[in-house]
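# Coordinate inspection notes
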Amino acid sequence: MATPPKDEVFKVSSRPRELIFIIDSSGSMSGGSMAQAKKALIKALRRLEDTDRFNIIDFDDSFDPLFDSAMPAIERNISFANSFIKKITADGGTRMWSPISYALKSRDSNSKNYLRQIVFITDGQAGNESAIFNLSLIH
C-alpha cells in the first residue's frame, strides 16, 4: 500500500474527492475474484457524492479508461460506469505499469480542486512493485 504523508488532507473535510479506480481484468481474476471486484467497484460508486469526480481504468495486457479524465459523479455518469463494469471480463495478462502511469498523469485543470485518490483493485502481485512505487513518486 502506498499512501501520501500525513497532513491536513486526512482531517475531516468537506473537500470533494477525485477517485480513479484501476481494476485488474487479467485471466487470474476470473471467477469469484472478478465478481467480487466488480461488486466492490459498483458499491464504491454508490458512495460517491455528486460533488465528487471519478474514472475507471480496466486493465489486463492493455488498458481501457472509461473517460479521458475524471468526470462528475452524477447519475448519468454512474449509470454509464455501471454498464462499463458489467462488460468487464477476466482474460489476458497483467500489465500494471501503463494503467497506473495513465492514472497518475490523467489530471486535468479541475483536479487541483479535489482530494485525488487512486484505488487499485487486483488479486495479484506485481513482479515490478519497486518500479511501480517509484513511478508514483515521479508524478
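The structure we're discussing is the one just above.
Below is a short write-up of the structure. The structure presented is a predicted model; accordingly, all values stated were derived computationally and were not measured. Here, residues in each chain are numbered from 1, in the same order as that chain's written sequence. Totals for whole chains, interfaces and linings use every residue, but because this is a predicted model, local features are given only for residues with pLDDT of at least 70 and side-chain atom pairs only at 80 or more, for both listing and counting. To obtain the side-chain values, all non-hydrogen atoms of the structure were used and water was disregarded.

## Points about the environment of N113
Checked against the element boundaries, N113 lands in the loop between helix 3 (97-105) and strand 5 (115-121). Put simply, N113 and R17 are 96 residues apart on the chain and 8.6 Å apart in space, counted from C-alpha to C-alpha. Not counting the four nearest positions on each side in its chain, N113 is found in contact with R15 and P16. In DSSP terms, a helix is any run of H or I states spanning at least four residues, a strand is any run of E spanning at least two, and both are numbered starting from the N terminus. Contact definition: two residues touch when any of their heavy atoms are within 4.5 Å.

## Observations regarding the pattern of salt bridges
The term salt bridge refers to a side-chain nitrogen of Lys or Arg lying within 4 Å of a carboxyl oxygen of Asp or Glu. In this structure the tally under the stated criterion is four salt bridges. Between E18 and R53 there is a salt bridge, with the nearest N and O atoms lying 2.6 Å from each other. One end of the pair, E18, is in strand 1 (residues 17-24); the other, R53, is in strand 2 (residues 53-59), and 35 residues separate them in sequence. Each residue is assigned to one of three classes by its accessible area relative to the maximum for its type, calculated with a 1.4 Å probe on protein chains only: buried under 20%, partly exposed between the two thresholds, exposed over 50%. Here E18 falls in the buried class, since its relative accessible area comes to 0%. Overall, the relative accessible area of 5% leaves R53 in the buried class. Salt bridges here are not isolated pairs; linked through shared partners, they connect E18, R53, D108 and R116.

## Concerning a positive patch on the surface
In this scheme, patches are assembled from residues that exceed 30% relative accessible area and form no salt bridge. Like charges are connected within 9 Å, while nonpolar side chains (Val, Leu, Ile, Met, Phe, Trp, Tyr) are connected within 5 Å. Every accessible area reported is derived by Shrake-Rupley at a probe size of 1.4 Å, with residue values counting cover from the shown protein chains alone. In this tally, Asp and Glu contribute negative charge and Lys and Arg positive charge; neither His nor the terminal groups of the chain are included. We put the charge of a Lys on NZ, of an Arg on CZ, of an Asp on CG and of a Glu on CD. A cluster of like positive charges, contributed by K39, K43, R46 and R47, occupies part of the molecular surface. Tracing the backbone through its elements, the reader meets K39 in helix 1 (residues 32-46). Note on K39: relative accessible area 63%, which makes it exposed.

## Concerning the nonpolar core
The term nonpolar core refers to a set of buried residues drawn from Ala, Val, Leu, Ile, Met, Phe, Trp, Tyr and Cys, joined through side-chain atoms within 4.5 Å. The biggest cluster of nonpolar side chains holds 21 residues, and the ones touching the most others in it are I23, L45, F54 and I56. Of all elements in the fold, only strand 1, helix 1, strand 2 and helix 2 (75-86) reach the threshold of two or more residues within this core. Listed in part, the nine residues of the second largest apolar core include I22, A70, M96 and A103.

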